[in-house]
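Structural features, examined
One letter stands for each residue in the lines below.
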Amino acid sequence: MTQVVTFEKHGDIATICIDNPPVNAAGHAMRQGVVDALDALEVDSDIKAIALYCAGRTFVAGADIREFGKPSQPPVLPDVCNRIEACSKPIVAILHGTALGGGLEVALCCHARVAQKGAKVGLPEVHLGLLPGSGGTIRLPRLTDTATTIKMVTGGAPISAEEALEKGVIDRIVDGDPAQTAVEMAKELRDGKLNARVTRDIPVELDATKIASARAKFSAKGAGGAVALRALRAVESATKPVDEALADERALFIEALASEEHHGLKHAFFAERAVANIPEAKATAREINAVGVIGGGTMGSGIATSLLLAGLPVTVIEMAEERVAFATKTITANLQGAVSRGKLSEAAFDATIGRLVVTTDMQTLAGADLVIEAVFESMEVKHDVFGKLDDICKDGAILASNTSYLNIDKIAAAVKRPQDVIGLHFFSPAHVMRLLEVVVGAETADDVVATGFALAKRLRKVAVRAGVCDGFIGNRILAHYARSTGYMMMDGADYEQIDNALVEFGAAMGPFTVGDLSGLDIGWAERKRRAPLRPSQERYVGVADKICEAGDFGRKTGKGYYVYWPDGSKTKNPNVAKYIAEEQVAKGITPRSFTNAEIVDRYITAMIVESTRVVEEGIALRPIDVDAVFLFGYGFPRHRGGPLCYADRIGAANLVERIKTYAHEDPFYWQVPKLLQKLADDNTTFADLNKER
Ligand code: 3H9
C-alpha cells in the first residue's frame, strides 16, 4: 500500500508530502501520516525548518467528506492542526490548486503560507451545511480583517491567491512546482527571509458593526440563513481565549454535523458526482469540434449560447431571415448577460460571438460533429428535420434532439443511423441551468452516450442518464405531482397559500408562479396532446384551461394566476377565483381548508410516488439520479437533498401509510408504488438502493 504521507530531509530542512488522490482529502491515513512525520522530524536535531506540500492536482481539499457520519478515528483534524501549530520547528505550507476547508485550516496553523500562482483558498463548509471545524473561524480573523473573515466563513466561495495575499491570509505567491518550492521556502524560513508566526498568538479584534450587520442579514432569511448564522456564531467566539474559542467552534461543528441541512447538502455534493457513473462510462467519447443547432428560438438560442461559452463554434439554422435576426439578437443578448454576470470577460466577447453563424442554409451542417435539434415539439416536425439531417450530416455525426418528452426511439426511426441518435434535454434558460438529461434510446451507441456526458462536462453541466418514456425523468415526475396542486386548489386550498407553503419549504418559487413564468400555454398544449391518452378514472381540473381560453398565459401576457403590474408587483387574478368556484359547484365539491404542512406533505408525497416509479422502471439508474435532476433542473431545495433523499427522512413505511390515507379520496391518483412498498416491508431506504446499484 502506498504511503499517504512521506517526508524527506534536505540537509537541515525537511519536506512533508501529502499524496492522497484524487484531492488530498484529510482522511484518517493522511491525519495520522502528518502526525507521524512531525513526531519524527521534531526529535531530529538536524532539522531547522519544514515545508508541507501536496502531490497531484491540489493542496488538501478539506476533510474527507465520506468520513462524516461515521465514528471519528483519532487523531481528528482539530488535534492535527493544533499539533502542527505547536511544532517547535517552523513549518511553511505550500499551496497549489485549491486549499479548501480543513485544507486551508491546516495551512492556517502552519507558521507561514506560500501559494502557487493560480491557487485558490476557501472555507466552503457552509455549502455542506457545516462550518470550519478545525480552527478556521478562530485563526482566520487573526490573519485578516473581519469583512474578509465573514465573507469566507459564511459565504463559502474561494478567493484567489492574489486576494488572499492582499488580505493577509497568505504570505507570498510564487511560480513553480510545489516540491521544489517546498525546499526553497523551507530554506527561507530557516534563514528568517520568510517570517514565521504562530497564528493563535496573533491578537484578534473583530469589527462589531460588521458582525452585527451580517447577523441581521442572516437572521432576516429565517431557516435559509441558519447555516451562515451558525458559522458566524463561531467567528464571534474568536475573541475568547483560544482554547475556549476552539471548543465553541467544535461544539457548533458537531451540532452542524447532525443537522438536516448537512445531510441534504452532503447528498447533493455526491449526487452531482455520482450521476457520472453510467454503464457507458468506459466508451471513448467522439470528438466534438463543431456543433449545429436547429432552431433559434429561446431554447435553441440558449443551447447555442451555452456551446459558445464553452468555446465551441456553433451554426444555428433558422427557417427565415427575420428568424435569423431574432436568433442573432437573442444569443448576443445572452452573451452580454454572461459578461455582466462575470461569466465571460469583455475581452473574450468578440471572439465568442465570432464563432457563431446563423443561417437558413442547412447544408452548412455537413461538417458538424454534433447537431442538436430544438424545434417545435411535434413528431412530424422532428421526423422532417431528422430526415434532412440524415442526408446532410457526415458519417459519425451525432444527431441529438432537445425534445422534453417525445419518444427518442420514434425520432430515431426517421434516420438510417439510429445508433447516432440521442436525446440531449436542456432546461431553460439553457445557458444558465445546470441540468442536462441524456436520453438513451434502444439503439443509441455507447460512445454517443459517453459523448453526451463529455459534452455536459465541457458545458459545466450535470448530465443525468435517462431512459425513454413520456417526459423522461424530470418532466414525467413533474406532470404527476403538478396535478396534486390543482387537486388541492379545487378542494379549497388557496393557490397563493400553496405557492407560499412551498417557498417556505425551500422552493425558489411556488408552482403557480412557476407556471405563470414559464407560460401557461405550454401546459395547455401538453394537456391537449395528452387528452386522448388520459385514463377515464383520472381526476381533471379545468381551471388552467379556462385561464388560457381567456388569452391569459402568465407573465408574457401580463396575467395568469396572478396579474403582473408595471411596478413589478403582483396580485391574484380575480377571474381565477370565479373559475374555481364554478368548477367546484359543477363537481359538487365543498371546499375545505388546508394547513401549509398538509400542502407540502401532499405535494412532496406525489413527487416521491412518481420518482419511485421512475427508478422502479429503470428510467433513472438510481434514486440519486432523480435527486440530481430535481436539484439541478427544478430548483428542489438543495439542503433537502432531492425528493428521494427527503423520502428517506420521512421513511418508506410512513409514506405508504400517507398514500393509503389519501387514497380514500382518490384511489386512482394515490397508489403505492411496488418499490416503495418493498422498501417499507424490508425496512430499507433509497440510500441503500444507491449503494446497491
Ligand atoms: C471540511 O473540511 C470540514 C473541516 O472544516 C473540519 C473537519 C473536522 N472528501 O469535484 P471533483 C472526491 S468539509 C472526499 O470531481 P474537481 C469527489 O467526490 C470539506 N472526497 O474534482 C470525486 O470523487 P469521485 C470542505 C472528495 O477537480 C473526486 O474527489 N471541502 C472531497 O472538479 C474528484 O472531485 C470541500 O467542500 C472531499 N473533501 O474539483 C471541497 N472533495 O471521482 C469539496 C472531492 O469518486 N471538493 N472529493 O466521484 C471540491 O470542491 C472539489 O472536489 C475540488 C476539485 C474543487 C477540490
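Parameters at a glance
- Residues numbered from 1 in each chain as written.
- Predicted model: local features only at pLDDT ≥ 70, side-chain atom pairs only at ≥ 80, totals over all residues.
- Heavy atoms only, no water.
- Phe/Tyr/Trp six-rings, centres within 6.5 Å; stacked < 30°, edge-to-face > 60°.
- Buried < 20%, exposed > 50% of the residue type's maximum accessible area, 1.4 Å probe, protein only.
- Helix = DSSP H or I, 4+ residues; strand = E, 2+ residues; numbered from the N terminus.
- Lys NZ or Arg CZ within 6 Å of the ring centre and 35° of its normal.
- Domains from an automatic or database assignment.
- Contact = heavy atoms within 4.5 Å.
- Buried area = accessible area lost by both parts, 1.4 Å probe.
- Salt bridge = Lys/Arg side-chain N within 4 Å of Asp/Glu carboxyl O.
- Polar contact = N/O pair within 3.5 Å; in protein donor to acceptor, adjacent residues only side chain to side chain.
- Pairing = 2+ DSSP bridges.
- Right-handed = clockwise from strand over helix to strand, strands pointing away.
- Near = heavy atom within 4 Å.
- Areas by Shrake-Rupley, 256 points an atom, 1.4 Å probe, with all protein chains shown as cover.
- Axes fitted to C-alpha atoms, helices over the stretch in contact; angles between N-to-C directions.
- Parallel < 35°, antiparallel > 145°, perpendicular 65-115°, else oblique.
- Nonpolar A, V, L, I, M, F, W, Y, C, P; charged D, E, K, R; others polar.
- Core = buried A, V, L, I, M, F, W, Y, C linked by side-chain atoms within 4.5 Å.
- Left-handed = near helix turned anticlockwise from the far one by under 90°.

Scanning the model with the defined rule gives 16 aromatic pairs in all. Judged by centre distance (5.2 Å) and plane angle (85°), the rings of F269 and F270 are edge-to-face. We classify F269 as partly exposed; its relative accessible area is 23%. Ring centres of W524 and F553 lie 6.1 Å apart, and the angle between their planes is 45°; on these two criteria the pair is classed as tilted. Within this pair, whereas W524 is found in helix α21 (residues 520-530), its partner F553 is found in the loop between α22 (543-549) and β18 (562-564), the two being separated by 29 residues in sequence. Accessibility expressed as a relative area gives 18% for W524, which makes it buried. The residue whose ring lies beneath R273 is F269, and the NZ or CZ to ring-centre distance is 3.8 Å. Here the guanidinium or amino end of R592 rests over the ring plane of F594, the centre of that ring lying 3.9 Å away.

Turning next to the domain arrangement of the chain. Many authors give the size of an interface as the accessible area that is lost as the parts come together. Along its sequence, the chain is carved into domain 1 (5-258), domain 2 (291-473) and domain 3 (475-618 + 621-692). Computed from C-alpha coordinates alone, the two centres of domain 2 and domain 3 are separated by 29 Å. On the side of domain 3, 15 residues touch domain 2, which itself brings 17 residues to the contact. Summed over both sides, the interface between domain 2 and domain 3 buries roughly 1,400 Å², with carbon and sulfur atoms accounting for 62% of that surface. Viewed at the interface, domain 3 and domain 2 are joined by two salt bridges. One salt bridge in this structure joins R530 and D470, with 3.5 Å as the shortest N-O distance. On inspection of domain 2 and its partner domain 3, the count reaches eight residue pairs in polar contact (both at pLDDT 80 or more). Every element with two or more residues in the side of domain 2 that touches domain 3 is listed here: β16 (435-439) and β17 (462-466).

All right, on to the pairing of strand β3 (residues 49-54) then. Burial within β3 is extensive, with six of its six residues counted as buried. Both faces of β3 are covered, namely the face carrying A49, A51 and Y53 and the face carrying I50, L52 and C54. Examined bridge by bridge, strand β2 (residues 13-18) and β3 share six bridges and lie parallel to one another. Each bridged residue has a counterpart across the sheet, and for C17 the counterpart in β3 is Y53. Read from β2 through helix α1 (residues 28-42) to β3, the crossover connection turns out right-handed. Note that β3 and strand β4 (residues 91-95) share three bridges and pair parallel. Bridging across to β4, I50 finds its partner in I91.

Let us now look at the site of the ligand. Lining the immediate surroundings of the ligand are 27 residues, of which R57, A63, G102, E105 and E125 lie closest. In this structure, E105 approaches the ligand through a side-chain N or O atom, which is 2.7 Å from an oxygen atom. Take R273: an N or O atom from its side chain is 2.8 Å from an oxygen atom of the ligand. Expressed as a share of its isolated accessible area of 1,000 Å², the protein-covered part of the ligand is 71%.

Our focus in this paragraph is the packing of helix α18 (residues 474-490) against helix α25 (residues 623-633). α25 packs onto α18 with a crossing angle of 75° between their chain directions and a minimal axis gap of 10 Å. Judged by the angle between their axes, α18 and α25 are roughly perpendicular. Within the contact between the two elements, α18 uses G474, I477 and Y481 and α25 uses V626, V629 and F630. Its residues assigned to classes, the contact of α18 with α25 shows five nonpolar, one polar and no charged.

Our next topic: the nonpolar core. In globular proteins that are soluble, nonpolar side chains generally tend to be buried together. The biggest cluster of nonpolar side chains holds 99 residues, and the ones touching the most others in it are L389, I473, M489, V543, Y561, I604 and V626. Considering every element that reaches this core, the biggest residue donor is helix α24 (residues 596-616), with ten residues. Formed jointly, this core draws a minimum of three residues from each of two domains, domain 2 (291-473) and domain 3 (475-618 + 621-692). When neighbours within four sequence positions are excluded, Y561 is seen to be in contact with M489, Y495, F512, D516, L520, V543, A544, I547, K572, N573 and V576. By size, the runner-up hydrophobic cluster in this structure holds 72 residues, among which are L41, C54, V60 and I138.

Before going further, it helps to spend a moment on the packing of helix α4 (residues 136-143) against helix α5 (residues 146-155). The contact between α4 and α5 brings their axes to 9 Å, and the two run at 150°. On the basis of the axis angle, α4 is roughly antiparallel to α5. For α4 against α5, the interelement crossing comes out right-handed. The segment α4 lies against α5, with T137, L140 and P141 engaging T149, M152 and V153.

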